[in-house]
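# A closer look at the structure
Spelled out, the chains give:
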Amino acid sequence: MRKKHQEASATVLLSGGQDSATCLAWALETFSAVRTLGFDYGQRHRIECESAKRLAKRAKVDYHCLKLDFIPQLGKNALTDPNCHITQKENELPSTFVPGRNVFFLSIAATWAYQQGDAHVVTGVCQSDYSGYPDCRQNFVTALQQTLSLALDTPMTLHTPLMQLSKAQSIRLMQDLGKLDWYADTHTCYEGKRPPCQNCPACKLRKKGFDHCGLVDPLDAAPQA
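Below is a short write-up of the structure. In this text, all values refer to a predicted model and were calculated from it rather than measured experimentally.

### Re helix 6 (residues 201-213)
Helical geometry: 3.6 residues make up each α-helical turn, so side chains three or four residues apart lie on a common side. Its 13 residues place the ends of helix 6 19 Å apart at the C-alpha level, agreeing with the 18 Å of an ideal helix rising 1.5 Å per residue. For helix 6, every residue scored as buried is listed here: A202, C203, L205, R206, G209, F210 and C213. The buried residues of helix 6 occupy one face: seen down the axis, they fall within an arc of 165 degrees. In helix 6, the exposed positions angled more than 90 degrees off the buried face are occupied by K204, K208 and H212. Residues of helix 6 that are buried in the fold lie against helix 1 (18-30), helix 5 (167-176) and helix 7 (218-221).

### With respect to the pattern of salt bridges
Using the criterion set out here, one finds twelve salt bridges in the structure. The partner of R44 in a salt bridge is E191, with the nearest N and O atoms 3.3 Å apart. With R44 in the loop between strand 2 (31-40) and helix 2 (48-59) and E191 in the loop between helix 5 and helix 6, the pair connects residues that are 147 residues apart, well separated along the chain. Of the charged contacts in the structure, one is a salt bridge between D185 and R54, with a shortest N-O distance of 3.4 Å. With D185 in the loop between helix 5 and helix 6 and R54 in helix 2, the pair connects residues that are 131 residues apart, well separated along the chain. Overall, D185 belongs to the buried group, its relative accessible area being 15%.

Cut-off values and rules
- Residues numbered from 1 in each chain as written.
- Predicted model: local features only at pLDDT ≥ 70, side-chain atom pairs only at ≥ 80, totals over all residues.
- Heavy atoms only, no water.
- Helix = DSSP H or I, 4+ residues; strand = E, 2+ residues; numbered from the N terminus.
- Expected span 1.5 Å × (residues − 1).
- Buried < 20%, exposed > 50% of the residue type's maximum accessible area, 1.4 Å probe, protein only.
- Arc of directions from axis to C-beta.
- Contact = heavy atoms within 4.5 Å.
- Salt bridge = Lys/Arg side-chain N within 4 Å of Asp/Glu carboxyl O.

Spelled out as structure tokens, the structure:
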């Protein structure tokens, strides 16, 4: 049985992607009140910010987007520099790895949540299907949770409901929560394309999950802009 935080409120990191949508649905079943926070950090798939707005509207929760335009200034990567090719080679970090991204995201989210009176932050990081990103692992989240609690001088809990789930398992979770149709408003494609390119690592991972479940991706059936 899922643990309920009946009297607690939470901030959900809502990127507009598949995993963050699942986390939002999970949070609504877990906390008494939920608000969402997104980031515009110069990502090539900035279309996801519009997806986040649609998801928040579906869920009837507040959505706030912060601009983090300093991130592209820190160095080149395929998510913030359209001139960098999206590659994923064996035994190497993928070119879509944005160094420090989750350090920034979670630190800023915890600070923002603190100001709202939230002691809980929900994020969709996952080490099962983590695509080689070191800042999506449990040991990173555990260490940062302790650091943030010390920095803010109050207990802050970072919830990662998808941490040990495969993409297929997270899809099943969304199905169990009765919100599978929400995926029609999500965005996954690294190329920022709608309909999705189906060739980037994110698109392939998403397709693999739905194929494993034997389900049709609601995004495939949704009207495409």
